[in-house]
Amino acid sequence: MSVRQPLVAGNWKMNGSQAESAKLLAGIKQGLGSVKKAQVVVCPPFILIPLAAKELQGTSAAWGGQNLDTHKSGAYTGEVSGPMLKDAGCAYVIVGHSERRAMYGETDQVVAEKFKAAQEAGLIPILCVGELLAEREANQTEAVVARQLDAVVNLVGVAALAKSVVAYEPVWAIGTGKTASPQQAQDVHRFIRARVAGKDAKIADNLKILYGGSMKGSNAKELIAQPDIDGGLIGGASLVAEEFLTICRAPD
Ligand code: PGA
């Protein structure tokens with residue numbers, strides 16, 4: 001079995017002034033030396049990316065966007081492209097977050113196209129998948145996650161997953177304080193890895209699969225200790241430097 005380097009990414013969502021963000025970034029930067037194993041990533045709102053670049057340049061941390069457009073440039077008012085994120089020093093971009101799917105109408109097909117656009121720009125997509133509460137209750141979790149994953153694999157091919165990260169984020173756990181139990185999360189992570197392994201065992205073995213949904217300092221360790229959980233995608237808890245750093249240190 002391969003040794004996958006853990007990754008912890010902060011998804012700031014639509015939070016933070018310049019001043020608050022500078023403080024948060026300084027706090028994260030100061031604590032990076034205490035993080036032994038995880039690759040640390042922050043994903044601020046677009047307008048704060050240059051600030052993250054300035055603060056984190058030359059450190060072990062990387063930064064990324066929360067979304068991108070499928071096009072490279074042109075008349076797409078209000079959008080930001082993969083090449084623009086790359087130009088701002090981003091290494092990663094979140095694709096298909098459940099808030100984008102639910103509130104901005106992103107279909108599996110659009111998400112797959114964004115994944116492709118991210119890789120074409122040289123960015124590593126963090127592909128989010130996950131079921132709604134009603135879908136879990138109807139025993140549809142695996143079917144939903146498979147559909148979301150397959151849409152991407154069908155467009156770009158399984159080999160493209162080698163340069164990506166998957167985040168399993170049960171929608172009922174996001175921002176609700178209700179975390180999936182380590183076993184619930186592990187079951188879906190194992191399912192995702194097995195589904196990829198059905199196409200390519202080596203890519204599946206190397207694929208980082210993050211858990212997201214109310215992960216915090218107090219529950220990160222037991223989640224990340226699961227065999228198929230390789231880190232976290234952190235919303236609320238990524239807005240407090242010490243809390244975020246505690247999660248980043250969880251794999252140590
Ligand atoms: P949360 O968000 O940690 O606040 O639940 C996670 C996410 O939406 O990525």
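Here the structure is a predicted model, which is why all the values come from computation and not from measurement.

Basis of the calculations
- Residues numbered from 1 in each chain as written.
- Predicted model: local features only at pLDDT ≥ 70, side-chain atom pairs only at ≥ 80, totals over all residues.
- Heavy atoms only, no water.
- Helix = DSSP H or I, 4+ residues; strand = E, 2+ residues; numbered from the N terminus.
- Rg over C-alpha atoms; globule rule 2.2 N^0.38 Å.
- Buried < 20%, exposed > 50% of the residue type's maximum accessible area, 1.4 Å probe, protein only.
- Contact = heavy atoms within 4.5 Å.
- Areas by Shrake-Rupley, 256 points an atom, 1.4 Å probe, with all protein chains shown as cover.
- Lys, Arg positive; Asp, Glu negative; His and termini not counted.
- Charge placed at Lys NZ, Arg CZ, Asp CG, Glu CD.
- Near = heavy atom within 4 Å.
- Polar contact = N/O pair within 3.5 Å; in protein donor to acceptor, adjacent residues only side chain to side chain.
- Nonpolar A, V, L, I, M, F, W, Y, C, P; charged D, E, K, R; others polar.
- Axes fitted to C-alpha atoms, helices over the stretch in contact; angles between N-to-C directions.
- Parallel < 35°, antiparallel > 145°, perpendicular 65-115°, else oblique.
- Left-handed = near helix turned anticlockwise from the far one by under 90°.
- Disulfide = S-S within 2.5 Å.
- pLDDT = per-residue confidence, 0-100.
- Phe/Tyr/Trp six-rings, centres within 6.5 Å; stacked < 30°, edge-to-face > 60°.
- Lys NZ or Arg CZ within 6 Å of the ring centre and 35° of its normal.
- Arc of directions from axis to C-beta.

Some points on the overall build of the protein
What the protein contains, in helices and strands, is eleven helices and eight strands. The C-alpha atoms of the protein give a radius of gyration of 17 Å, which matches the 18 Å a tight globule of 252 residues would have. Dimensions of the protein, computed from C-alpha atoms along their principal axes, come out at roughly 45 × 45 × 35 Å. Counting across all 252 residues of the protein, residues that qualify as buried make up 55%. Summarising the internal contacts of the protein: among those between residues at least 6 apart in sequence, 72% fall at separations of at least 24. As displayed, the protein has an accessible area near 11,000 Å², and 55% of this comes from carbon and sulfur atoms. Of the charged side chains in the protein, 26 are positive and 25 negative, and the gap between their average positions amounts to 5 Å.

A closer look at the site of the ligand
Taken together, 13 residues lie around the ligand, and Lys 13, His 97, Glu 169, Gly 175 and Ser 214 are the ones closest in. His 97 is positioned such that a nitrogen or oxygen atom in its side chain is 2.6 Å from an oxygen atom of the ligand. Between an oxygen atom of the ligand and a main-chain N or O atom of Ser 214, the distance comes to 2.7 Å. Out of a free accessible area of 280 Å², the ligand has 95% covered by protein chains. Among the residues forming the shell around the ligand, the class breakdown is four nonpolar, seven polar and two charged.

Things to note about the packing of helix α7 (residues 141-156) against helix α8 (residues 182-197)
Packed helix pairs are characterised by how far apart their axes lie and by the angle those axes make with each other. Contact pair α7 / α8: the axes reach a minimum separation of 11 Å and the direction vectors enclose 45°. Taken together, the axes of α7 and α8 lie oblique to each other. The crossing of α7 and α8 is right-handed. Taken together, the residues of α8 that come into contact with α7 (itself represented by Thr 141, Glu 142, Val 145, Ala 146, Leu 149 and Asp 150) are Val 188, Phe 191, Ile 192, Arg 195 and Val 196. Classifying every residue of the contact of α7 with α8 gives seven nonpolar, one polar and three charged.

Description of the state of the cysteines
By the definition in use, this model includes zero disulfides. Just so you know, Cys 248 is unpaired, no disulfide at all, and the nearest cysteine sulfur is the one on Cys 43, 12 Å from it. What makes Cys 248 buried here is its relative accessible area of 0%.

What to know about the confidence of the model for the protein
Low-pLDDT portions of the prediction should not be read for the details of their coordinates. Model confidence for the protein is summarised by a mean pLDDT of 97, while 99% of its residues fall at 70 or above. Within the protein, strand β4 (residues 92-95) carries the highest mean pLDDT (99), whereas helix α6 (residues 133-137) carries the lowest (96).

Quick look at the packing of aromatic side chains
Applying the stated criterion to the full structure yields one aromatic pair. A cation over an aromatic ring shows up here: Arg 100 above the ring of Tyr 104, its NZ or CZ 4.3 Å from the ring centre.

Comments concerning helix α11 (residues 241-248)
Those residues of α11 not exposed but buried are Ala 241, Phe 244, Leu 245, Ile 247 and Cys 248. An end-on view of α11 places all buried positions within 155° of arc, on one side of the element. In this fold, the buried residues of α11 make contact with β1 (7-11), α1 (18-31), β2 (39-43), α10 (220-224) and β8 (231-234).

Regarding the environment of Thr 179
Within the secondary structure, Thr 179 sits in the loop between β6 (165-168) and α8. Overall, Thr 179 belongs to the partly exposed group, its relative accessible area being 23%. Note: C-alpha distance between Thr 179 and Tyr 211 (32 residues apart in sequence) is 9.9 Å. With near-sequence residues (within four places) excluded, Thr 179 lies in contact with Trp 172, Ala 173, Tyr 211, Gly 213, Ser 214, Lys 216, Asn 219 and Leu 223.

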